[in-house]
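Next come the chains, spelled out residue by residue.
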Amino acid sequence: MKRVYVDERWCLGCHLCEYYCAFANSGKSSMIKALKDRHIVPRIRIEERNNISFAVSCRHCTDPLCVKSCISGALSVENGAVLIDSDKCVGCCSCIMACPYGALSHSESGVIQKCELCKKNEFGVPQCVQGCPNKAIVYEER
Amino acid sequence: MRYVILGGGAAAIGCIEGIRAVDASGPITLVGAEPHPFYGRPLISYLLEGKTTREKLLAYRPADYEEKRGVRALRGVRAASVDAEGRTVLLETGEVLPYDRLCLCVGSTPFVPPMEGLDAVREKTSFMTLDDADRLSAMLGDAKDKRALIVGAGLIGLKCAEGILARAASVDVVELADRILPAVLPPEASPIVQKHIEAAGVRFHLGESVKRFEPGVAHLSGGGSLPFDVLVLAVGVRPNTALAESARCRVERGVVVDDHCRTSVEDIYAAGDCTVFPDPDTGALRPLAILPNATMQGETAGRNMAGGRAVYDKAAPMNATGFWGLHMIGAGRYEGEVYRSQSGDATKLLYTKDDRLAGFLLLGDIDRAGIYTALVRERTPLSSIDFELIRETPQLMAFSATERAKKLGGAAQ
Ligand SMILES: Cc1cc2nc3c(=O)[nH]c(=O)nc-3n(C[C@H](O)[C@H](O)[C@H](O)COP(=O)(O)OP(=O)(O)OC[C@H]3O[C@@H](n4cnc5c(N)ncnc54)[C@H](O)[C@@H]3O)c2cc1C
Ligand code: SF4
Ligand code: SF4
């Protein structure tokens, strides 16, 4: 299955992936409307320190500890992608306890969110990858 | 290969997944005593609280889950005994099921200590099953006029308290230990959480037990008495071992399994709350009654039943929970050297021992806690990472560049 892979050697620390993610999942028609003057809470997040930076989002594990820990059945695997049904989620944070990458977080409205490879929004392919100007994030089969 | 799974909870789901990962077609029969499809057992308090619905709770797995996996599920049926020689299971209906591989996923039963006068209390229940939740809901009614008494301030008792507080006139909790959540929190964290729960309106009676019940009144060991209308017993649970005993499996408080989830009897496996297994650190047999453990043991058992090779040697206690908006995540053991930090309402406790993160607890700010959990579970040598950095915030930056490249660019794990 195609996944998002990150190579920190190419990361510029520009945070564009975070913006593209926030926009893609905002349901808004323009990036300006979605992001202007807002504190964004993207599903991909940059870690940075000294001169190193890299993006972290869900790895869509073949052995997803989040799914195995979820008490509500909100997390599931569909064709290899790990998806979340926010409607079922009760916010217990067992998934946050279990994920070794720290890839789940609370959204602006407080519900649990994670990267779903843009499978559920209008774009269909990961927008963080589209937004990365230096190919530090790629979407491919490995 | 014919598979039989006894029990219909999280361990059974794991077992089905494990079997089907290796064997796509061998017939699986599941026997579950509860007359419901798979449901998230921990959701019963959220149901009472109105944070989930019955439909969602019962949709823990999709409606066609069993059909798609070739599982014949007998629900509302109990297994009576296992004949390991003849490789059959006798059901309470009289039906006899032959098996080639059997998995015991029968969970645990609430433990009720002897208490004088308990038999005379009519409005009482445990808090383990959906039927318990329904019973409790009916006893409380809608008038908000019932005084609830919960015996036990463990996770189950306190989740119950959260579930019913808004629907009861009052909630009192009696606990024998001198602090709340004694099995889930380190001693220094209990008072913080207690204060938070008290602020919501729950009253605690710690270091006390019920000496005697009279209709409508509980007399406490400390001399006081509490009037109540509805009683919830949440003192603890005991692994269900009767079926394992009938099959002559080794039982020590729970069904003893190894890291392949095998019992002592050939072709019989067990998983979840009914088991005890050697602690990866100490070797001592112990239960681990949490949902992730049930799923993962179940999967291990399933794979091995189907002829695969799976080892589950990374079991660690871990809990994520929350009360009235205060989130908490903890894992491992609260022993060794303590690092404590406090920022605003957030508390962090890290316990290090022998170059490992032995355990941790986060209260309030639980962001990316799984990175800590992984250090505990993987027994990562702290000398191999930048511990000072990760101590401040859970982050992948604390790992070496090679390790990071593997984590973020390597094949998915
Ligand atoms: C209120 C509550 C809150 C909880 N919260 C959490 C939480 O937040 N996080 C967490 O990790 N864990 C939590 N737990 C614990 C978690 O639910 C259990 O660890 C988990 O359900 C264990 O799964 P299991 O499959 O081993 O057993 P169970 O889920 O108990 O399933 C066992 C099944 O076997 C059936 N059975 C028993 N005997 C027989 C028989 N003879 N024949 C046929 N069937 C039989 C039982 O009826 C039952 O349906 C909570 C538990 C409760 C009660
Ligand atoms: S959320 Fe975490 S555990 Fe779950 S699939 Fe993604 S990376 Fe893996
Ligand atoms: S927070 Fe939601 S998605 Fe995460 S484990 Fe709990 S119920 Fe499942």
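## Some details on the side chain of Asp23(B)
Residues and elements named next belong to chain B. Inspection of the secondary structure assignment puts Asp23 in the loop between helix 1 (10–22) and strand 2 (28–32). With no salt bridge to any partner, buried Asp23 finds its closest opposite charge in Arg20, at an N-O distance of 4.4 Å. One polar contact links Asp23 to Tyr3, side chain to side chain, over a distance of 2.7 Å. Engagement of the side chain of Asp23 in a polar contact is seen with the backbone nitrogen of Ser25, the distance being 2.9 Å. Leave out the neighbours within four places in its chain, and Asp23 touches Met1, Tyr3 and Ala306.

## Examining the interface of chain B and chain A
Facing the 44 residues of chain B at the interface are 41 residues of chain A. Taken together, the two surfaces of chain B and chain A that pack against each other cover about 3,600 Å², and 58% of this comes from carbon and sulfur. Of all residues in chain B, Arg368(B), Met397(B) and Leu408(B) give up the largest surface area on contact with chain A, accounting jointly for 18% of the area buried on that side. Our count for the chain B to chain A interface comes out at 6 salt bridges. The interface formed by chain B and chain A holds 20 residue pairs in polar contact (both at pLDDT 80 or more) in total.

## Points about the domain arrangement of chain A
As a measure of interface size, the accessible area lost when the parts come together is often cited. Residues and elements named next belong to chain A. In terms of domains, chain A is made up of domain 1 (1–57 + 117–142) and domain 2 (61–114). With 13 residues of domain 1 in contact, the opposing surface of domain 2 contributes 18 residues. When domain 1 packs against domain 2, the two sides together hide about 1,100 Å² of surface, and 50% of this comes from carbon and sulfur. The three residues of domain 1 that bury the most area against domain 2 are Val41, Arg43 and Lys120, which together make up 41% of that side's buried surface.

## Observations regarding the sheet that holds strand 18 (residues 251–252) of chain B
Residues and elements named next belong to chain B. One open sheet holds the 4 strands; their spatial order is 18-19-21-22, and the pairing between them is mixed. Looking at the sheet topology across the chains shown, the edges are occupied by strand 18 and strand 22 (285–286). Pairing of strand 19 (residues 254–256) with strand 21 (residues 275–278) involves 2 bridges; the strand directions are parallel. By the bridge assignment, Val255 is partnered in strand 21 with Thr275.

## Overview of the site of ligand 3
The local shell around ligand 3 holds 13 residues, among which Cys70(A), Ser72(A), Cys89(A), Cys92(A) and Cys95(A) are the closest. By residue class, the composition of the shell around ligand 3 is 10 nonpolar, 3 polar and no charged.

## Description of the packing of helix 1 of chain B against helix 9 (residues 291–305) of chain B
Residue and element names in this part refer to chain B. In contact at an axis separation of 6 Å, helix 1 and helix 9 are set at 35° when each is read in the N-to-C sense. Classified by chirality, the crossing of helix 9 by helix 1 is right-handed. In contact with Ala10, Ala11, Gly14, Cys15, Gly18, Ile19, Ala21 and Val22 of helix 1, helix 9 contributes Leu291, Ala294, Thr295, Gly298, Glu299, Gly302, Arg303 and Met305. Class assignment for the residues of the contact of helix 1 with helix 9 results in 9 nonpolar, 5 polar and 2 charged.

## Details of the pairing of strand 11 (residues 170–175) of chain B
All names here are of chain B. Here strand 11 lies mainly inside the structure; 6 of its 6 residues are buried. Of the pairings in the sheet, the one linking strand 10 (residues 147–151) to strand 11 comprises 5 bridges and is parallel in character. Counterpart to Arg147 in the pairing with strand 11 is Ser170. What joins strand 10 to strand 11 is helix 6 (residues 155–164), and the crossover it makes is right-handed. Here strand 11 pairs with strand 12 (residues 203–206) via 4 bridges, running parallel. The residue of strand 12 that forms the bridge with Asp172 is Arg203.

## What to know about the pairing of strand 2 of chain B
All names here are of chain B. Along strand 2, 5 of the 5 residues are buried, which leaves the element largely enclosed by surrounding structure. Burial of strand 2 is two-sided: the residues Ile28, Leu30 and Gly32 facing one way and the residues Thr29 and Val31 facing the other way are all buried. Relative to strand 2, strand 1 (residues 3–6) runs parallel, the two sharing 4 bridges. Its bridge partner being in strand 2, Ile5 is matched across the sheet by Leu30. Following the chain from strand 1 across helix 1 to the adjacent parallel strand 2, one finds a crossover that is right-handed. Pairing analysis gives 5 bridges linking strand 2 to strand 3 (residues 71–75), with the strands arranged parallel. Bridging from a neighbouring strand, Val31 pairs with Leu74 of strand 3.

Definitions and limits used
Residues numbered from 1 in each chain as written. Chains lettered and ligands numbered in written order. Predicted model: local features only at pLDDT ≥ 70, side-chain atom pairs only at ≥ 80, totals over all residues. Heavy atoms only, no water. Helix = DSSP H or I, 4+ residues; strand = E, 2+ residues; numbered from the N terminus. Buried < 20%, exposed > 50% of the residue type's maximum accessible area, 1.4 Å probe, protein only. Lys, Arg positive; Asp, Glu negative; His and termini not counted. Salt bridge = Lys/Arg side-chain N within 4 Å of Asp/Glu carboxyl O. Polar contact = N/O pair within 3.5 Å; in protein donor to acceptor, adjacent residues only side chain to side chain. Contact = heavy atoms within 4.5 Å. Buried area = accessible area lost by both parts, 1.4 Å probe. Domains from an automatic or database assignment. Pairing = 2+ DSSP bridges. Near = heavy atom within 4 Å. Nonpolar A, V, L, I, M, F, W, Y, C, P; charged D, E, K, R; others polar. Axes fitted to C-alpha atoms, helices over the stretch in contact; angles between N-to-C directions. Left-handed = near helix turned anticlockwise from the far one by under 90°. Right-handed = clockwise from strand over helix to strand, strands pointing away.

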